[in-house]
Protein chains: 2
Amino acid sequence: MSRNPAQRVPRRLHLNVNILHSGFVPSAWRRDDADPRAFIDVSHYVRVAQTAEAGKLDAVFLADNAAIVDQIDFRPITALEPTVLLASIAAATTHIGVIGTASTSYNEPYNIARRFATLDHVSNGRAGWNVVTTADLPSARNFGRGTVPDHAQRYERAAEFTEIVKALWDSWEDDAFVGDKAGGRFVDVDKVHPIAHRGRHFEVHGALNLPRPPQGHPVLVQAGASADGRELAARHAEAVFSASQSFEESAAYRRDLNERAAVYGRPGVKVLAGLTTIIGATETDALRRRDELVDQIPWRYSLNRLAGTLGIDVDRLKLDERLPDDLALPGSGNGNHTFFQATIAHARRHGQTVRELIRSLAGGTGHRVIVGTPEQIADDITHWFNGGAADGFNLMPDVLPGGLSDFVDGVVPILQKRGIFRTAYEGATLREHLGLARPDNAQLWRESA
Amino acid sequence: MSRNPAQRVPRRLHLNVNILHSGFVPSAWRRDDADPRAFIDVSHYVRVAQTAEAGKLDAVFLADNAAIVDQIDFRPITALEPTVLLASIAAATTHIGVIGTASTSYNEPYNIARRFATLDHVSNGRAGWNVVTTADLPSARNFGRGTVPDHAQRYERAAEFTEIVKALWDSWEDDAFVGDKAGGRFVDVDKVHPIAHRGRHFEVHGALNLPRPPQGHPVLVQAGASADGRELAARHAEAVFSASQSFEESAAYRRDLNERAAVYGRPGVKVLAGLTTIIGATETDALRRRDELVDQIPWRYSLNRLAGTLGIDVDRLKLDERLPDDLALPGSGNGNHTFFQATIAHARRHGQTVRELIRSLAGGTGHRVIVGTPEQIADDITHWFNGGAADGFNLMPDVLPGGLSDFVDGVVPILQKRGIFRTAYEGATLREHLGLARPDNAQLWRESA
């Protein structure tokens with residue numbers, strides 16, 4: 001069969017899974033088949049990642065916090081440090097990407113550049129870094145700060161931090177390593193370049209102390225939805241985790257982001273829309289599953305969490321009344337604006353009481369939830385993807401590994417049959433899975449020479 | 001057979017191996033069977049660790065730097081970040097300990113507490129942290145500093161840093177995690193204690209965001225030989241990597257350290273003496289192997305390195321003359337005092353020319369080198385161990401994995417036959433291998449209640 005070179009490469013759907021300990025729903029750990037210790041059990045995470053790899057997903061993702069930022073009396077938290085856990089996962093898998101969160105507010109760029117470069121080396125090119133600025137007060141207080149740095153300052157630091165990390169990854173030309181035994185020449189030092197960065201937040205003089213990562217740069221991921229967040233994503237991110245509640249909102253976000261990226265001469269940013277899935281053989285089964293899960297979450301937990309998202313006192317929430325009318329965006333460092341807006345929009349659109357709102361969010365904080373059969377979920381994904389509302393999804397299964405197995409066994413085959421999702425890995429690196437070019441650094445050093 | 005409870009538990013020899021990329025000798029990467037890329041190849045490190053585990057060694061160890069601090073034109077450097085690489089190694093092994101270096105000068109205690117706690121969780125209790133203060137200028141310049149902080153200040157920060165990390169590891173009582181599905185109680189929050197630390201260098205408010213590591217504390221290792229270094233070790237270290245050139249010096253160091261530890265009411269600190277091994281079927285073979293290896297190191301490299309250790313201009317070294325007479329300890333941040341003193345003592349004791357000195361150090365900077373048959377090496381180890389000069393050794397094989405395989409196949413069986421080294425792992429954790437008690441934290445929280 002001859003290939004038509006003019007034929008456009010079809011867009012490909014990307015599926016990432018957030019492997020949040022026992023699952024997205026706060027009561028997931030209470031199910032009969034769940035091990036409550038899963039959140040600190042490496043074999044649990046390995047099993048989840050192997051399930052995702054069996055489904056040919058692009059990547060697994062680990063969020064992170066630098067403090068206890070949820071109610072641990074009621075539920076598991078993000079606990080194990082992502083880069084270390086992802087190295088364990090990479091050792092037990094062969095293709096799937098491994099994306100981890102690290103904060104630009106409470107780390108040093110040289111250390112982060114090394115850790116993610118190392119993860120890229122040990123995984124043979126499967127690493128990604130989710131850049132976050134960390135907005136909560138408990139984290140700030142674990143790093144000598146009495147208050148959260150303000151939003152603009154956090155993003156200014158994040159932009160400089162990310163630039164340094166990329167410069168460090170580029171500090172070795174791709175062919176700097178020689179390894180000539182006979183000549184006794186290990187590295188061509190003329191191809192290793194100190195970055196000599198002096199900026200507002202950081203001074204970093206040297207080159208990285210390891211060769212360029214297999215992918216050139218580990219894939220850069222970001223999740224900011226504010227204007228500052230979108231600018232950071234437009235300048236640096238190759239994929240974003242978004243939290244849109246509706247098709248139109250997500251499509252508008254994706255257009256805006258791609259327009260902003262174009263200003264910087266950058267190709268499109270892959271929008272991976274957050275999606276919690278609750279799957280049943282019938283829609284009734286799925287709804288029953290959701291209700292069982294939500295009923296296992298103590299109301300006290302859900303009310304506290306919702307009050308936290310809204311930045312109000314919990315006493316203002318009544319289970320069988322609607323949300324108060326006078327809600328205002330919480331101040332910096334006090335909640336997440338994206339989830340605040342998503343939650344309010346959701347409640348008002350559906351005219352829900354607090355109880356109904358909590359139920360329909362499946363105990364979450366504002367990510368979109370679909371409850372249904374594999375066919376219904378595949379239809380929704382297909383609609384969003386074909387309609388340009390997303391390039392893919394950041395899946396948050398209700399329960400892990402069960403909810404992911406149901407997705408892999410039920411939804412993936414439908415997407416494959418429709419020709420929008422791969423049936424086998426075509427590449428070996430996360431960049432290849434995501435259809436991202438490997439960044440070139442030779443040009444950079446030719447220019448500076 | 002009945003056991004006599006009064007019978008003293010015999011002292012046990014401990015063997016740790018420094019898995020320094022291609023091996024200790026700077027030319028190791030040039031050997032016919034070596035892969036020059038080994039220094040960034042996870043499968044190389046896994047093979048080395050599996051060899052060490054086959055030999056029932058206590059642990060593998062990865063040193064670290066936060067800059068390029070050696071001549072990469074001539075040789076591999078410490079490149080991959082230890083905690084990430086050790087997680088990969090832990091995934092491919094079952095018993096051997098995994099010890100990694102991290103600097104207290106260029107990290108935050110909350111981050112280090114989490115990373116090593118995570119490594120301890122993913123390895124099921126096999127993690128150790130080698131606490132270093134990082135004395136070189138290139139590293140300082142990668143973290144916004146124009147000069148290296150002075151020695152006393154580095155150690156003051158290291159002591160406070162280590163105290164915080166231990167407090168964070170202790171911030172969850174051992175039974176804080178409940179996981180009661182029926183009652184819906186995940187963690188007993190009354191057993192999770194914010195540390196509320198306010199010190200000279202750090203303020204850290206919260207508890208760690210993960211349960212206590214399986215070992216209570218990952219094993220604390222240290223390598224300081226200065227007065228400040230010995231004090232830090234006496235207060236916190238459970239094992240030390242030492243660099244004594246002679247039996248008497250090592251025995252005196254071990255006595256001093258144990259006396260200092262006793263002042264703090266602490267049990268003895270395990271002294272693991274640095275030992276480079278070059279093994280041959282006969283002594284002549286071993287010497288030939290050493291000379292072949294040293295001849296493959298460019299003299300320019302060795303002279304530069306020796307000049308660096310001595311803190312002098314390289315032009316002052318003449319290959320066929322003795323060291324200059326007027327050498328003085330280099331200033332803080334300019335070389336390593338232990339290696340300075342060891343090198344000079346070695347050269348003067350043997351009346352060596354510079355060329356002879358470089359040859360007898362096997363291209364190294366001052367660690368003791370034994371060149372000989374397995375029997376000779378086993379005799380030396382037995383002598384040091386039985387005579388109280390060391391509790392064990394930090395092995396630095398000339399070439400990896402070959403030099404380690406020779407040790408495991410040749411030396412280990414002799415030590416086992418003599419009854420001083422284990423023939424099987426008796427425990428599951430690094431603490432158990434090293435005969436160290438699991439630290440209790442219940443007392444701590446009862447006192448503060």
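Residues numbered from 1 in each chain as written. Chains lettered and ligands numbered in written order. Predicted model: local features only at pLDDT ≥ 70, side-chain atom pairs only at ≥ 80, totals over all residues. Heavy atoms only, no water.

- By the naming in an unreviewed UniProt entry, chain A goes by FMN-dependent oxidoreductase (Nitrilotriacetate monooxygenase family) and is assigned to Paraburkholderia silvatlantica.
- Quoted verbatim from the Sequence similarities (unreviewed entry) heading of the UniProt record, the comment on chain A is "Belongs to the NtaA/SnaA/DszA monooxygenase family." (UniProt positions renumbered as here; feature names shortened; annotations may be inferred.)

### Considerations on the interface of chain A and chain B
Part 1: Tallying the contact residues gives 68 residues for chain A and 68 residues for chain B.
Part 2: Carbon and sulfur atoms supply 64% of the area buried between chain A and chain B, which totals about 5,700 Å² over both sides.
Part 3: Contact with chain B buries area across many residues of chain A, yet V84, K181 and F186 of chain A alone supply 13% of it, more than any other trio.
Part 4: Where chain A touches chain B, the interface holds 2 salt bridges.
Part 5: For R114 of chain B, the salt bridge identified is with D64 of chain A, shortest N-O distance 2.8 Å.
Part 6: Summed over the shared surface of chain A and chain B, the result is 37 residue pairs in polar contact (both at pLDDT 80 or more).
Part 7: For the side of chain A that touches chain B, the secondary-structure elements that each account for two or more residues are α2 (82-91), α3 (109-122), β5 (177-180), β6 (185-187) and β8 (203-204) of chain A.
Part 8: Looking at the side of chain A that touches chain B, the element that brings in the most residues is α3 of chain A, giving 8 residues.
Part 9: Of the residues contributing to the side of chain A that touches chain B, the split by class is 36 nonpolar, 16 polar and 16 charged. (Contact = heavy atoms within 4.5 Å. Buried area = accessible area lost by both parts, 1.4 Å probe. Salt bridge = Lys/Arg side-chain N within 4 Å of Asp/Glu carboxyl O. Polar contact = N/O pair within 3.5 Å; in protein donor to acceptor, adjacent residues only side chain to side chain. Helix = DSSP H or I, 4+ residues; strand = E, 2+ residues; numbered from the N terminus. Nonpolar A, V, L, I, M, F, W, Y, C, P; charged D, E, K, R; others polar.)

### Concerning the relation of the copies chain A and chain B
Part 1: Between chain A and chain B, the superposition needs a rotation of 180° and an axial shift of 0.0 Å, giving an RMSD of 0.0 Å. The symmetry that links the two subunits is that of a two-fold axis. (Least-squares fit on C-alpha atoms with pLDDT ≥ 70 in both.)

### Details of the packing of aromatic side chains
Part 1: The final tally for this structure, using the stated rule, is 28 aromatic pairs over all chains.
Part 2: Relative to F161 of chain B, the ring of W129 of chain B lies with its centre 5.9 Å away and its plane at 50°, an arrangement referred to as tilted. With W129 of chain B in strand β4 (residues 127-132) and F161 of chain B in helix α5 (residues 151-169), this pair connects stretches of sequence that are 32 residues apart. As far as the burial class goes, W129 of chain B and F161 of chain B line up, both buried.
Part 3: Within the aromatic cluster, the residues linked to one another by ring pairs are F116, W129, F161, W169 and F202 of chain A. (Phe/Tyr/Trp six-rings, centres within 6.5 Å; stacked < 30°, edge-to-face > 60°. Buried < 20%, exposed > 50% of the residue type's maximum accessible area, 1.4 Å probe, protein only.)

### Re the environment of Q416 of chain A
All names here are of chain A.
Part 1: Mapped onto the elements, Q416 comes out in helix α13 (residues 402-417).
Part 2: Along the sequence, Q416 and L13 sit 403 residues apart, while their C-alpha atoms lie 10.0 Å from each other.
Part 3: Excluding its chain neighbours within four sequence positions, the residues that come into contact with Q416 are K56, F421, R422 and T423.
Part 4: Here R422 takes part through its backbone oxygen, which lies 2.9 Å from a polar atom of the side chain of Q416.

### Re the domain arrangement of chain A
Interfaces are frequently sized by the accessible area removed from exposure as the parts join.
All names here are of chain A.
Part 1: Segmentation of chain A into domains returns domain 1 (14-277 + 368-448) and domain 2 (298-362).
Part 2: Just the C-alpha atoms count here: the centres of domain 1 and domain 2 sit 28 Å apart.
Part 3: At the interface, 19 residues of domain 1 touch 16 residues of domain 2.
Part 4: Taken together, the two surfaces of domain 1 and domain 2 that pack against each other cover about 1,400 Å², and 56% of this comes from carbon and sulfur.
Part 5: For domain 1, the biggest contributors to the area lost against domain 2 are Q71, F74 and Q245; these three give 37% of the whole.
Part 6: R305 serves as the salt-bridge partner of D70, at 3.7 Å between the closest nitrogen and oxygen.
Part 7: The tally of links from domain 1 across to domain 2 stands at 5 residue pairs in polar contact (both at pLDDT 80 or more).
Part 8: The residue makeup of the side of domain 1 that touches domain 2, split by class, is 11 nonpolar, 3 polar and 5 charged. (Domains from an automatic or database assignment.)

### Notes on the pattern of salt bridges
Part 1: One pass over the structure, following the stated rule, counts 60 salt bridges over all chains.
Part 2: Note that D58 of chain A and R422 of chain A form a salt bridge whose closest N and O atoms lie 2.8 Å from each other. Of this pair, D58 of chain A sits in the loop between α1 (42-54) and β2 (59-62) while R422 of chain A sits in the loop between α13 and α14 (430-434), placing them 364 residues apart in sequence. Here D58 of chain A matches R422 of chain A in class, with each residue buried.
Part 3: R254 of chain B is the salt-bridge partner of D391 of chain B, the closest N and O atoms lying 2.9 Å from each other. With D391 of chain B in the loop between α12 (374-386) and β13 (392-395) and R254 of chain B in helix α7 (residues 247-263), this residue pair connects regions lying 137 residues apart in the sequence.
Part 4: Bridged by salt links that share partners, the residues D170, D174, R212 and R438 of chain A form one connected network.

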